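# Structural features, examined
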Amino acid sequence: MRLEKCWFCSSTVYPGHGIQFVRNDAKIFRFCRSKCHKNFKMKRNPRKVKWTKAYRRLHAKDMTQDSTFEFERKRNRPERYDRNLTENTLKAIKKIDKVRVDREARHHAMRMKGKKAKVQREAAKELEQSIHMVKAPAVLREDSSFTLPKIKVKASHQQAEENHPMEE
Amino acid sequence: MATTMTCNNFLSLQQRTFIQMRTNLKVVDNSGAKRVMCIQALKGKKGARLGDTIIASVKEAQPRGKVKKGDVVYGVVVRAAMQRGRCDGSEIKFDDNAVVLVNKQGEPIGTRVFGPVPHELRKKKHVKILTLAEHIA
């Protein structure tokens, strides 16, 4: 039994799933499901299709180089069966998976760093510029409770006043 | 690519079927024939699949070969565009329909086989063809 990788999306193909297509030059393409197979028939390039692992690795959305990937390399020499070896391998698989998932989570966090601050800045800017779409400028000038106060008050007060226009 | 497909028209998705009477097949050995037309699929009401034997008529042949045009020969289907299920549950399919000419006893007439062949042939006892093959899928 061998767990293969789908040629299109790089997910694992378990036994009993998928189709393999053998081209006349003896190259074998394995697909995990008909979605990948149909995309292949449409001659789509997996490196350009956003949801595939090939695209994500190419555009640095996912980890590309890591020592945990070395463990999953294809080995063509069959190993002699040894109960201890099998037991240890199974334990190692669990641990390696955990490590890999942690590293991927960290990679994702690094990628998303600075997003919160950016979103806040953009929201504040939009509030300044487009408040006229919510309330007319004349009204804003008369009714001072809707403008952002220029005087620095205690932090809690300013928070309350700022939240008013945002709620609108 | 044999399958034609326009993105919006899923009706043009080709559904490949059996090898039956009047099916043209490519000959992938050096017996001399080039194209062969199936006249009977032995075993199988609907037609022959990957690994089955057929009776065929030679439509196109090389000038100096073991078979001539118009000969009625037996053949073993080694590549079929229709997918065949394997015993582990997966499916395999090839790019085209190809056949290797054999005699009545099942021994290949030619001495070489080109292209990949499936290992379903082992179960069907066509071991000779497997030994001649350059790649077993």
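Thresholds applied
Residues numbered from 1 in each chain as written. Chains lettered and ligands numbered in written order. Predicted model: local features only at pLDDT ≥ 70, side-chain atom pairs only at ≥ 80, totals over all residues. Heavy atoms only, no water. Helix = DSSP H or I, 4+ residues; strand = E, 2+ residues; numbered from the N terminus. Buried < 20%, exposed > 50% of the residue type's maximum accessible area, 1.4 Å probe, protein only. Areas by Shrake-Rupley, 256 points an atom, 1.4 Å probe, with all protein chains shown as cover. Rg over C-alpha atoms; globule rule 2.2 N^0.38 Å. Domains from an automatic or database assignment. pLDDT = per-residue confidence, 0-100. Pairing = 2+ DSSP bridges. Axes fitted to C-alpha atoms, helices over the stretch in contact; angles between N-to-C directions. UniProt positions renumbered as here; feature names shortened; annotations may be inferred. Expected span 1.5 Å × (residues − 1). Contact = heavy atoms within 4.5 Å. Salt bridge = Lys/Arg side-chain N within 4 Å of Asp/Glu carboxyl O.

## Topic: the overall build of chain A
Counting its regular elements, chain A contains 6 helices and 4 strands. Moving toward the C terminus, one meets the helices and strands of chain A in the order β-β-β-β-α-α-α-α-α-α. Taking all 168 residues of chain A together, the buried fraction comes to 21%. If you sum the accessible surface of chain A, you get close to 13,600 Å²; carbon and sulfur atoms cover 52% of it.

## Structural notes on the overall build of chain B
When its secondary structure is counted, chain B shows 2 helices and 9 strands. Sequence-ordered secondary structure for chain B, helices as α and strands as β, is β-β-β-β-β-β-β-β-α-α-β. The C-alpha radius of gyration computed for chain B amounts to 15 Å, which stays within 12% of the reference 14 Å derived for 137 residues, consistent with globular compactness. Oriented by its inertia axes, the alpha-carbon framework of chain B measures out at about 50 × 30 × 30 Å. Expressed as a percentage of the 137 residues in chain B, the buried residues total 45%.

## Description of the domain arrangement of chain A
Segmentation of chain A into domains returns domain 1 (1–59) and domain 2 (63–72 + 82–131). Distance from the C-alpha centre of domain 1 of chain A to the C-alpha centre of domain 2 of chain A: 24 Å.

## A word on the confidence of the model for chain A
Do not read the fine detail of predicted coordinates wherever pLDDT is low. On average, residues of chain A score 85 in pLDDT, and 84% of them are at 70 or above. Mean pLDDT values over the elements of chain A span from 55, in helix α6 (residues 155–167) of chain A, up to 95, in strand β4 (residues 28–31) of chain A.

## Section: the sheet that holds strand β7 (residues 98–102) of chain B
Residues and elements named next belong to chain B. Strand order in the closed barrel made by the 5 strands is β1-β2-β3-β4-β7, with mixed pairing throughout. Neighbour to neighbour, the strand axes of the sheet diverge by 55° on average, direction disregarded. Strand direction decides the pairing type here: strand β2 (residues 33–41) and strand β3 (residues 53–61), joined by 7 bridges, are antiparallel. Among the inter-strand pairings, V36 is bridged to a residue of β3, identified as V58.

## Comments concerning the UniProt feature "domain: TRASH" (unreviewed entry) in chain A
The UniProt feature table records "domain: TRASH" (unreviewed entry) at residues 6–44 of chain A. The span residues 6–44 of chain A is 21% helical and 26% strand by assignment, and the distance between its end C-alpha atoms comes to 14 Å.

## A closer look at helix α3 (residues 83–112) of chain A
Within an α-helix, residues lying three or four positions from one another point in the same direction, as the helix has 3.6 residues per turn. For α3(A), built from 30 residues, the straight-helix expectation of 44 Å at 1.5 Å per residue is met to within 8% by its first-to-last C-alpha distance of 44 Å. Phi turns positive, to about 80°, at G114(A), one or two residues after α3(A).

## Some points on the sheet that holds strand β3 (residues 19–22) of chain A
Picture the strands of a sheet paired through backbone hydrogen bonds; they go either parallel or antiparallel. Pairing is mixed across the open sheet formed by 4 strands, whose spatial order is β4(A)-β3(A)-β6(B)-β5(B). Edge positions in the sheet fall to β4 of chain A together with β5 (84–85) of chain B, since each of these pairs with one other strand and no more. Examined bridge by bridge, β3(A) and β4(A) share 4 bridges and lie antiparallel to one another. Following the sheet pairing, V22(A) is matched in β4(A) by I28(A). Packing against the sheet, helix α1 (residues 34–41) of chain A makes contact with β3 and β4 of chain A together with β6 (91–94) of chain B, and its axis sits at approximately 135° to β4(A).

## Here's the deal with the pattern of salt bridges
Residue and element names in this part refer to chain A. Applying the stated criterion to the full structure yields 15 salt bridges over all chains. Note that D66 is salt-bridged to R103, the shortest N-O span being 2.8 Å. One end of the pair, D66, is in the loop between α2 (53–58) and α3; the other, R103, is in helix α3, with 37 residues separating them in the sequence. Overall, R103 belongs to the partly exposed group, its relative accessible area being 28%. Three or more residues joined by partner-sharing salt bridges are found here, namely K5, E72, D97 and R100.

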